[in-house]
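# Results of the structural survey
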Amino acid sequence: MTKPCIICVAITGSVPKKENNPAVPISVSEQVESSQEAFEAGASIVHAHVRNDDETPSSDPEKFARLKEGLEKHCAGMIIQFSTGGRSGAGQARGGMLPLQPDMASLSVGSNNFPTRVYENPPDLVDWLASEMRTNHVKPEIEAFDLSHIHQAAAMNKDGRIPGKLYVQFVMGVKNAMPVDRDVFDYYIKTVERLAPDAQWCAAGIGRHQLTVNEWSIASGGHTRTGLEDNVRLDKDRLAPSNAALVKRAADLCAKYERPVATWQQAREILELPLKAA
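No experiment lies behind these values; they were computed from the predicted model shown. (Residues numbered from 1 in each chain as written. Predicted model: local features only at pLDDT ≥ 70, side-chain atom pairs only at ≥ 80, totals over all residues. Heavy atoms only, no water.)

### Quick look at the pairing of strand 10 (residues 167–172)
The cut-off we apply is this: Relative accessibility under 20% of the residue-type maximum defines a buried residue, over 50% an exposed one, and the middle range a partly exposed one, all with a 1.4 Å probe and only protein chains included. Numbering of helices and strands runs from the N terminus, with a helix taken as a DSSP run of H or I at least four residues long and a strand as a DSSP run of E at least two residues long. Criterion used throughout: strands pair if DSSP finds at least two bridges between them. If you view a crossover with the strands going away from you and the path from the first strand over the helix to the second runs clockwise, you call it right-handed.
For strand 10, the tally of buried residues reaches six of six residues, placing the bulk of the element in the interior. Neither face of strand 10 is open: one carries Tyr167, Gln169 and Val171, the other Val168, Phe170 and Met172, and all of them are buried. Of the pairings in the sheet, the one linking strand 9 (residues 139–144) to strand 10 comprises three bridges and is parallel in character. Its bridge partner lying in strand 10, glutamate 143 is registered against glutamine 169. Traced from strand 9 through helix 4 (residues 147–158) to strand 10, the parallel crossover comes out right-handed. Two elements, strand 10 and strand 11 (residues 200–205), share six bridges in a ladder whose sense is parallel. Each bridged residue has a counterpart across the sheet, and for phenylalanine 170 the counterpart in strand 11 is alanine 203. Once you follow strand 10 into helix 5 (residues 182–195) and on to strand 11, the crossover reads as right-handed.

See below:
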């Protein structure tokens, strides 16, 4: 298999704190440094949240602007993907950074259960976020927490609310949502191939499932996501020393399955994003 594998690194998220792993980057400067290391290790997409000084989640566009500036300076060419997830803010505040025109942004197209609450993505908010992405030329990454989300993304693609070729990420292993199940994973792939034959797909495993889903994705010809947002450990006995260490682990799996790790130029070509000069 010679198809390049895009590695996405989710550097921070909204949940992990320094007390969980001191390597979790919180400040903008820490995030830029961690992203640069991960970029050099093989990640071509950085999935980014921002935090307040007390480590609580934020949706402050000014913080996103400073992060984007730092990433463009120190990780030239890397695909910048901002989170519009519901842990960082409520309502339209979740899309307040989209006018900054990152390359990509996450888009959840339906609701589901999370560990202690419902992750609410009402249709009117989903349509508004999708509209803002179209207006600002931001490519959505569909975060599919459930089979219905793949069907909804395909419907939105068909009617033009999500233009271009879909990029769908299967998120597996969130407590109370879709478990890490190989039959489900394989059916997700079949469903994407049936409903959106020209789509690209990716997968992320949460917590101890990260490595398993990385391997399934790479072996099956998809792309994959890793990083401290999803998992702070190398194994049950060791914390991950950095985001770069988790990216290297995914890159090693690419070597195992004889797949080249996508360069930023290849990733942009695969995802039909403008090629920016490094």
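There's more to say after this.
### Comments concerning empty space enclosed by the protein
The criterion, for reference: Think of a 1 Å grid over just the protein atoms. A cavity is a set of points where a 1.4 Å probe fits yet cannot get out, a pocket is an open set with protein on both sides within 12 Å along at least five of seven lines, and lining residues have an atom within 4 Å of a point. Grid points are joined across faces, edges and corners, and a volume is the space filled by probe spheres set on the points. Gly falls in the polar group here, along with every residue not listed as nonpolar (Ala, Val, Leu, Ile, Met, Phe, Trp, Tyr, Cys, Pro) or charged (Asp, Glu, Lys, Arg).
Under the counting rule described, the total for this entry stands at two cavities of 30 Å³ or more. Lys139, Pro140, Asn157, Ile162, Pro163, Gly164, Lys165, Leu166 and Tyr167 together form the lining of the largest cavity. The class makeup of the residues in the lining of the largest cavity is five nonpolar, two polar and two charged. Approximately 30 Å³ is the volume found for the second largest cavity. Lining the second largest cavity are Lys139, Lys165, Leu166, Tyr167, Gln200, Ile270 and Leu271.

### Some thoughts on the pattern of salt bridges
Just so we agree on the cut-off: Only one rule defines a salt bridge in this text: a Lys or Arg side-chain nitrogen within 4 Å of an Asp or Glu carboxyl oxygen.
Inspection of every chain in the model, using the stated rule, returns 14 salt bridges. The salt bridge involving arginine 225 is made with glutamate 229; its shortest N-O contact spans 3.4 Å. Since its relative accessible area comes to 4%, arginine 225 is described here as buried. In this structure, arginine 238 engages aspartate 235 in a salt bridge whose closest nitrogen and oxygen atoms are separated by 2.8 Å. On the basis of relative accessibility, which here comes to 47%, the residue arginine 238 falls in the partly exposed class. It is possible to trace a salt-bridge network through shared partners that takes in Glu143, Arg225, Glu229 and Asp230.

### Some remarks on the environment of glutamine 31
Our working rule: Whether two residues are in contact is decided by their heavy atoms: any pair within 4.5 Å suffices. Any pair of nitrogen or oxygen atoms within 3.5 Å is treated as a polar contact; in protein, a donor-acceptor pairing is required on top of that, and neighbouring residues in sequence qualify only through side-chain atoms on both sides.
In this fold, glutamine 31 is placed in helix 1 (residues 28–41). Distance from glutamine 31 to alanine 105, taken between C-alpha atoms, is 17 Å for residues 74 residues apart in sequence. Beyond its immediate sequence surroundings of up to four residues, glutamine 31 is in contact with Ile11, Thr12, Pro25, Ile26, His49, Val50 and Leu67. Polar side-chain contacts of glutamine 31 include one of 3.1 Å to the side chain of threonine 12. Polar side-chain contacts of glutamine 31 include one of 2.7 Å to the backbone oxygen of histidine 49.

### What to know about the packing of helix 6 (residues 210–219) against helix 7 (residues 243–256)
The criterion, for reference: Think of each axis as a best-fit line through the C-alpha atoms, taken over the contacting stretch in the case of a helix, with angles from 0 to 180 degrees between the N-to-C directions. Note on convention: the crossing is left-handed when the near helix lies turned anticlockwise from the far helix by less than a right angle, right-handed when the turn is clockwise.
Where helix 6 meets helix 7, the closest approach of the two axes is 10 Å, and the angle between their N-to-C directions is 35°. Here helix 6 and helix 7 pass one another in a crossing that is right-handed. Two secondary-structure elements touch here, helix 6 through Gln210, Leu211, Asn214, Glu215 and Ile218 and helix 7 through Leu246, Arg249, Ala250, Leu253, Cys254 and Lys256. A breakdown of the residues in the contact of helix 6 with helix 7 according to their chemical character gives six nonpolar, two polar and three charged.

### Focus on the pairing of strand 9
Counting buried positions along strand 9 gives six out of six residues, so the element sits mostly inside the fold. Along strand 9, one buried face is formed by Lys139, Glu141 and Glu143 and the opposite face, lined by Pro140, Ile142 and Ala144, is buried too. Strand direction decides the pairing type here: strand 6 (residues 104–107) and strand 9, joined by four bridges, are parallel. What sits directly across from leucine 107, in strand 9, is isoleucine 142.

### Observations concerning the packing of aromatic side chains
Definition in use: In this analysis, rings of Phe, Tyr and Trp, with Trp reduced to its six-membered ring, are considered paired at centre separations within 6.5 Å, and the interplanar angle assigns stacked below 30 degrees, edge-to-face beyond 60, and tilted for intermediate values.
Counted by the stated rule, this structure contains nine aromatic pairs. Between tyrosine 119 and phenylalanine 145, the aromatic rings sit 5.6 Å apart at their centres with planes inclined by 85°, giving edge-to-face as the arrangement. Taken as a pair, tyrosine 119 in strand 8 (residues 118–119) and phenylalanine 145 in the loop between strand 9 and helix 4 lie far apart in primary sequence, 26 residues in all. A single burial state applies to tyrosine 119 and to phenylalanine 145, both of which are buried. Here the aromatic rings of phenylalanine 185 and tryptophan 216 are separated by 5.3 Å at their centres, their planes lie at 50°, and the arrangement is tilted. Here phenylalanine 185, found in helix 5, pairs with tryptophan 216, found in helix 6; they are 31 residues apart in sequence, far enough to count as distant. A relative accessible area of 0% places phenylalanine 185 in the buried class. Site record: aromatic cluster; members linked through ring pairs are Phe170, Phe185, Tyr188, Trp201 and Trp216.

In short, shape yes, function no, at least from these values alone.
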